[in-house]
Amino acid sequence: MVIELFTDYTLRNVALGSALLGIVSGVLGCFAVLRRQGLLGDALAHAALPGICVAFLLTGSKAPLVLLIGAALAGWLATTLLLTAVRETRLSADSVLAIVLSTFFGFGIVLLTFISKSENANQAGLDKFLFGQAATLIAEDVQTMGLLGAAALAVVAGLYKEFKLLAFDAEFAASLGFPARGLSVLLTSLIVIAVVIGLQTVGVVLMAAMLIGPAVAARQWTNRLGVMLILAAVFGAASGVSGALISVSDAHIPTGPVIILSLTAIVLGSLFFAPARGLVWSTIRRRQQRANMKVE
Amino acid sequence: MSNVSIDHPVVIHDLTVAYRDKPVLWDIELSIPPGKLVAIIGPNGAGKSTLIKAVLGLVPTVAGTVSLFGGSYRERRQMIGYVPQRSSVDWDFPTHALDVVMMGTYGQLGWFKRPGKAQRELALRCLEQVGMADFANRQISQLSGGQQQRVFLARALAQDAQLYFMDEPFVGVDAVTERAIVNLLRDLRARGKTVVCVHHDLDSAPEYFDWLVLLNVRLIAAGPFETTFTSENLRKTYGGTMGAAIKHIEHFEEDRLAISVQADTKRPNGH
Amino acid sequence: MSSAIVILLTGVLVAVACALLGAFLILRRMAMMVDAISHAILPGLVAGYFLAQGPDLLAGFAGAVLAAVLTVSLVEALQNTGRVGGESAIGIVFPAMFALGTFVVSKYFANVHLDADAILYGNIEFAAFDLLYINGVSLGPQSLWMMSGLCLMNLLFVGLLYKELKLATFDPGLAAALGFSPALIHYALMTVVSITTVGAFTAVGAILVVALFVVPAATAYLLTDRLPVMILLAVALGALSAVCGYAVAIVLDASVAGSIASTTGVLFGLAFLFAPQHGLVARARRLQRQRLEFAVQTLLVHLLNHEQSAEQQAESAYSHLSGELRWHPPFARRVTDAAKRATLLQQHGDMLNLTEAGRAEAEAARATDLQR
Ligand SMILES: Nc1ncnc2c1ncn2[C@@H]1O[C@H](COP(=O)(O)OP(=O)(O)OP(=O)(O)O)[C@@H](O)[C@H]1O
Ligand SMILES: [Mg+2]
């Protein structure tokens, strides 16, 4: 199986693509989760759908870059709406999130069904963004994903200190002269990149987990942000590759859901068994304390 | 601007601040002399935190000017240190005390550059100054409230500023930490720095500070403690108790119904 | 009944059933929890069908409702560990459940009637074709019966428990003290939401049902401050969205459910911009008016403060205003003009002087801030 990883063309693409997604979304998800914006990625993923459809309608092209730009613009619009509505109305953030997510997606469905019923035979393939189809990834897709992901990671590496400060204490960051607003927009844009990579692989619905899961798992193992980012990347990549390997063995097994299920296993394992923070250990400790108290 | 302001660390002229449409600070006129420990005192909602944030350019002003050492905040940023209210950050953040203190050097470092050995050593020295050297590698959620406050102070020390703004540094700390902080403030004063603190305890204020700013939406009085800390002034500040603040809150937040408050208590993970 | 009417009616009934509960979901900040539930019921449906060995309606219902309650409990359990933030817990649970559902469907039920796309956006288009048979007698479209049932259930739920729901939403402490367990009401609401979701799911799918629950109620929340009005408005807006959405879908030959969700979004957008009290436009206008009023007051107080002082000459000069108060000259002119129009101050050459009325106003402004 592992040897096939290097020889089998499809498997290699699927595994590489999923691993890439895991790394990028793992790293960016850490910042999103620490800033308590974990579900922002969910909204962005849903908002991307109409963006992709509009991009296709306008250009007639399915080139990854074209769709990416559409998704990014829609994501940007959704984020702007989200922030404006939270600031300017009395609706709570989670209501606004649900509104943006469901109405953008609804509009995306309208466009998608409209496209599929219009003459254009080229449409087949757009709806793969709904559930993702890692199995259809080709080398060119993986290259685009790699380039985008590398760019996103490079920005994080360059601005690591600034992003850390922003996530921990945005006001202090502003008092030091760093533009908190601008950094925040940049971070969201990077998340859009992760989302776009994820759409092809795991699809709209499961994208939220790809951002949140690795971060939550990684957080249990360490108290250092740097280590957390690396661990999240590893966890993300591991669930991506294992999802690809498992699903390739059986045509009936879809890649996206298996990636998420592997990831969930990692999250649960970390929550229960991570040293220091693991729930199992803290329960045992509490038991022992109680026993000791009784003895005394 | 007149030229006296150059040697005055803070000169505020006709400063008015409003959140949305709610006036929070009215027409503040204030200049603070150098080398003093200054207490800002006033009831809850008096605008104390807002005054500091307005000076630091963190909230937009409606009218007025602020000059720091004769220049704008932008120009003088490197000379100014800030200690926000401790409750303003998530203490479960994955980082340790030393790392937080090093954040104080980020302003001087500027974009992209990572903190190195020099910054590390500086941060360690700052931690030592607040008596926290032993906790340098401790995850911040495993620090007590007083220790967290000391870490924040150390971070401000790492900014190596001439002028410090501290929002309620004494809140939630025990007597030992309180003494440590007071000694630290005096040490700063001895080195010619100016420190402006929001303070709540009227009993300890005259002992800890030498200059007083009484604030309740407007400036009630400002000056050396001996002349300013009078019952007349205090009555003016706290006078009709918090009537003004409460009325403002009610007036402008009635559209938020009671809902936001209620829902907050409801949310299982609400902060 | 023509199929168009069946679809339209189904749409309206679904929208009404969801909107009835929406107000409480918004006010209790449970919007994303509904999103989670709507995704997470998939494995429940599958399990139900599996146990019943076929797409049995009742078994599916039971499984889905159990899955929904499980989701809510799991999210709350995760949150209670203190290791996972509130929204992260939601973002972990529902994708896992959804992934489990799709995994099982594609592995074991590749041929079962559970079309993947339909899960996301339903197939209300076929509402007219699934007929309900009892003892072999056709009673008309099944979807109509189901949605009417949901409407009735939610109407009864909100009608009978209105007081308790309201209390548990606004003051859980008091509710508990009065003997209504907020937790019980919480889970009762969640159960009703789950049943509604499962019922609506087949018509509009997992994501659009969220739009029906949340968006009309949120729109109503921007239009009124009163809970009963909010509920009624939400219902009306939901029904309106269903009708308009259907019309648009016919014109575009596109998904009905998607059009309905888009329409709720458009209505929300309109309210967001133009709501009389809380709309962006109304807010901006109010802000502008208040800024001017406030600036006038600032100017009056400023003049009052410096009336007797030595620097009055400098401080009260019109030409110095923009410098002293950091106002742009045009704004300073507007403020001065407004004050002059209200005869609060007079200008003699370059000097601004308070009138009697202006002085009184300035003193009053000062006093309101420092009530004593
Ligand atoms: N971001 C904000 N948006 C709207 N209003 C705000 C905001 N921050 C503060 N306020 C309001 O401004 C007023 C002054 O707040 P501020 O925090 O400056 O008071 P404070 O004197 O620091 O009070 P405390 O002693 O409680 O810390 C209060 O009425 C508060 O409700
Ligand atoms: Mg304060």
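The structure displayed is predicted, hence computed values, not measured ones. Sequence order sets the numbering: in each chain, residues are counted from 1 along the sequence as written. Here every chain gets a letter starting at A, and every ligand a number starting at 1, in the order they are written. Thresholds applied to this predicted model are a pLDDT of at least 70 for local features of residues and 80 or more for the giving and counting of side-chain atom pairs; totals over whole chains, interfaces and linings are not thresholded and use all residues. Here the side-chain values reflect all heavy atoms present in the structure, with hydrogen atoms and water set aside.

1. Quick notes on the overall build of chain B
As a reminder, the rule being used: For the purposes of this entry, the term helix denotes a DSSP run of H or I that reaches at least four residues, the term strand denotes a run of E that reaches at least two, and both are numbered from the N terminus. Categorising residues by exposure relies on relative accessible area from a 1.4 Å probe, with only protein chains included: less than 20% of the type maximum marks a residue as buried, more than 50% marks it as exposed, and the intermediate range marks it as partly exposed. A contact between two residues is defined here by any heavy atoms of the two lying within 4.5 Å. Per-residue and other accessible areas follow the Shrake-Rupley method at a 1.4 Å probe size, with only the shown protein chains counted as cover for residues.
A count of helices and strands for chain B gives twelve helices and nine strands. Sorting the 271 residues of chain B into buried and exposed places 56% on the buried side. Looking at chain B alone, contacts between residues at least 24 apart form 69% of all its contacts between residues at least 6 apart. Carbon together with sulfur atoms contributes 51% to the accessible area of chain B, which is approximately 11100 Å² in total.

2. So, unusual backbone geometry
You will see that Asp27(B), though not glycine, has its phi angle at about 50 degrees, which is positive. The class for Asp27(B) is buried, based on a relative accessible area of 6%. The phi dihedral of Asp253(C) is positive, around 55 degrees, even though this residue is not glycine. Take Asp253(C): it is sitting in the loop between α9 (227-252) and α10 (256-274). Since its relative accessible area comes to 41%, Asp253(C) is described here as partly exposed.

3. Quick notes on the site of ligand 1
Residues and elements named next belong to chain B. Stated formally: If even one non-hydrogen atom of a residue comes within 4 Å of a molecule or strand, that residue is called near it. The definition of a polar contact used here is a pair of N or O atoms within 3.5 Å, where within protein one atom must be able to donate a hydrogen and the other to accept one, and adjacent residues in sequence count solely through side-chain atom pairs. For this scheme, ten residues count as nonpolar: Ala, Val, Leu, Ile, Met, Phe, Trp, Tyr, Cys and Pro. Four count as charged, namely Asp, Glu, Lys and Arg, and the remainder, Gly too, count as polar.
In the neighbourhood of ligand 1, 15 residues make up the surrounding shell, with Asn44, Gly45, Lys48, Ser49 and Thr50 lying closest. Taking Asn44, its side chain carries an N or O atom lying 2.8 Å from an oxygen atom of ligand 1. Interatomic distance of 3.2 Å between a side-chain N/O atom of His200 and an oxygen atom of ligand 1. Within the complex, the protein chains bury 67% of what would otherwise be the 640 Å² of accessible surface of ligand 1. Among the secondary structure elements, those contributing two or more residues to the shell around ligand 1 are β2 (22-32) and α1 (48-55). It is α1 that contributes the most residues to the shell around ligand 1, three residues altogether. Grouping the constituent residues of the shell around ligand 1 by class yields five nonpolar, seven polar and three charged.

4. Details of the sheet that holds strand β7 (residues 194-198) of chain B
All names here are of chain B. Formally: Only strands joined by at least two bridges in the DSSP assignment are considered to pair. Interaxial angle, 0 to 180 degrees, is taken between N-to-C directions of lines fitted to C-alpha atoms, where a helix line uses only the stretch in contact.
The sheet built from six strands is open, its strands ordered β5-β6-β7-β3-β8-β9 with mixed pairing. Each edge of the open sheet carries a strand with a single partner, namely β5 (80-83) and β9 (218-224). When strand polarity is set aside, the average angle formed by the axes of neighbouring strands in this sheet is 15 degrees. Packed onto the sheet, helix α10 (residues 231-238) meets β3 (37-41), β8 (211-216) and β9 and runs at close to 35 degrees relative to β8.

5. Some details on the interface of chain A and chain C
Rules: Here the quantity called buried area is the total loss of accessible area, with a 1.4 Å probe, experienced by two parts when brought into contact, counted for both. Salt bridges are defined by distance alone: a side-chain nitrogen of Lys or Arg within 4 Å of a carboxyl oxygen of Asp or Glu.
Taken together, the 55 residues of chain A in the interface contact 58 residues of chain C. Both sides of the chain A and chain C interface together cover about 4800 Å² of buried area, and 74% of this is carbon and sulfur. Here Arg90(A) and Asp225(C) are joined by a salt bridge, their closest N and O atoms 2.8 Å apart. Taken together, chain A and chain C are joined by 15 residue pairs in polar contact (both at pLDDT 80 or more). Of all the elements in the fold, those that place two or more residues in the side of chain A that touches chain C are α3 (40-59), α4 (64-88), α5 (93-117), α6 (128-131), α11 (203-221), α13 (255-273) and α14 (279-295) of chain A. With 16 residues, α5(A) is the single largest residue contributor to the side of chain A that touches chain C.

6. Let's talk about a positive patch on the surface
The criterion, for reference: Two distance rules govern patches: like charges are joined within 9 Å, and nonpolar side chains (Val, Leu, Ile, Met, Phe, Trp, Tyr) within 5 Å, applied only to residues with over 30% relative accessible area and no salt bridge. Within this scheme the basic residues Lys and Arg register as positive and the acidic residues Asp and Glu register as negative, but His and the chain ends are omitted. A charged residue contributes its charge at one atom only: NZ of Lys, CZ of Arg, CG of Asp or CD of Glu.
A surface patch of like charges, here positive, comprises Arg285(A), Arg286(A), Arg287(A), Arg290(A) and Lys294(A). By the secondary structure assignment, Arg286(A) is in helix α14.

7. Looking at the sheet that holds β2(B)
Sheet architecture is open: three strands sit in the order β2-β1-β4 (chain B), paired in antiparallel fashion. Here the strands that pair on one side only, and so sit at the sheet edges, are β2 and β4 (63-68) of chain B. Strand-to-strand twist in this sheet, taken as the mean axis angle between neighbours without regard to direction, amounts to 25 degrees. As defined by bridge partners, strand β1 (residues 10-19) of chain B adjoins β2(B) across seven bridges and the pair is classed as antiparallel. Across the sheet, the residue bridging to Val11(B) is Ser31(B), located in β2(B). Docked against the sheet, α1(B) engages β1, β2 and β4 of chain B, running at close to 115 degrees with respect to β1(B). On the sheet, helix α11 (residues 280-305) of chain C packs against β1 and β2 of chain B and is oriented at approximately 35 degrees with respect to β2(B).

8. Quick look at the domain arrangement of chain C
Residues and elements named next belong to chain C. What counts is decided by this rule: Either an automatic procedure or a domain database provided the assignment from which the domain bounds are taken.
Segmentation of chain C into domains returns domain 1 (3-278) and domain 2 (281-371). Placing a centre on the C-alpha atoms of domain 1 and another on those of domain 2 gives a separation of 55 Å. Contact with domain 1, which involves six residues of that partner, is made by four residues of domain 2. Between domain 1 and domain 2 lies a buried interface of about 350 Å² when both sides are counted; carbon and sulfur atoms form 41% of it. Contact with domain 2 buries area across many residues of domain 1, yet Leu273, Gln277 and His278 alone supply 72% of it, more than any other trio. In this structure, the connection of domain 1 to domain 2 is made through two residue pairs in polar contact (both at pLDDT 80 or more).

9. Topic: the environment of Leu147(A)
The topology assignment puts Leu147(A) in helix α7 (residues 139-158). With 82 residues separating them in the primary sequence, Leu147(A) and Leu229(A) have C-alpha atoms 19 Å apart.

10. Description of the packing of aromatic side chains
Note on aromatic pairs: each is described by the distance of the centres and the angle between the planes. So the rule is basically this: Here is the rule: rings of Phe, Tyr and Trp (six-membered ring for Trp) pair when centre to centre is within 6.5 Å. Planes less than 30 degrees apart are stacked, more than 60 are edge-to-face, and the remainder are tilted. Working rule: Lys NZ or Arg CZ, within 6 Å of ring centre, within 35 degrees of ring normal, means a charge sits over the ring.
Here the structure, examined in full by the defined rule, presents twelve aromatic pairs over all chains. Judged by centre distance (6.2 Å) and plane angle (85 degrees), the rings of Phe168(A) and Trp91(B) are edge-to-face. Of this pair, Phe168(A) sits in helix α8 (residues 160-168) while Trp91(B) sits in the loop between β5 and α3 (97-102), placing the two residues on different chains. Residue Phe168(A) is classed as buried on the basis of its relative accessible area, which comes to 4%. Trp91(B) gets classed as buried once you look at its relative accessible area, which sits at 11%. Grouping aromatic residues by their ring pairs yields a cluster made of Phe168(A), Trp91(B), Phe93(B) and Phe152(B). The ring of Phe172(A) is capped by Arg155(B), whose NZ or CZ atom sits 3.4 Å from the centre of that ring. Directly above the aromatic system of Phe152(B) lies the positively charged group of Arg155(B), at a separation of 4.4 Å from the ring centroid.

11. Structural notes on the packing of α9(C) against α10(C)
Each packed pair of helices is defined by two parameters, the angle between the axes and the distance between the axes. All names here are of chain C. Under the convention used in this document: Throughout, the term roughly parallel applies to angles under 35 degrees, roughly antiparallel to angles over 145, roughly perpendicular to angles from 65 to 115, and oblique to all others. The sense of a crossing depends on the near helix, which, turned anticlockwise from the far helix by less than a right angle, makes the crossing left-handed and, turned clockwise, makes it right-handed.
Interaxial distance between α9 and α10 falls to 7 Å at its minimum, and their mutual angle equals 125 degrees. Relative to α10, the element α9 is oriented oblique. In this structure, the crossing between α9 and α10 has a hand that is right-handed. For the pair α9 and α10, contact is made by Leu237, Leu240, Ser241, Ala242, Cys244, Gly245, Tyr246, Val248 and Ala249 and by Val256, Ser259, Ile260, Thr263, Thr264 and Leu267, respectively. Class assignment for the residues of the contact of α9 with α10 results in ten nonpolar, five polar and no charged.

12. A word on the pattern of salt bridges
Residues and elements named next belong to chain C. For the structure on display, the rule yields 16 salt bridges over all chains. Ionic pairing is found between Glu293 and Arg289, a salt bridge with its closest N-O pair at 3.9 Å. Of this pair, Glu293 and Arg289 both sit in helix α11, four residues apart, which is roughly one turn of that helix. Here Arg359 and Glu356 are joined by a salt bridge, their closest N and O atoms 2.9 Å apart. One end of the pair, Arg359, and the other, Glu356, are both in helix α15 (residues 356-369), three residues apart, so they sit about a helical turn from each other. Judged by its relative accessible area of 23%, Arg359 falls in the partly exposed class.

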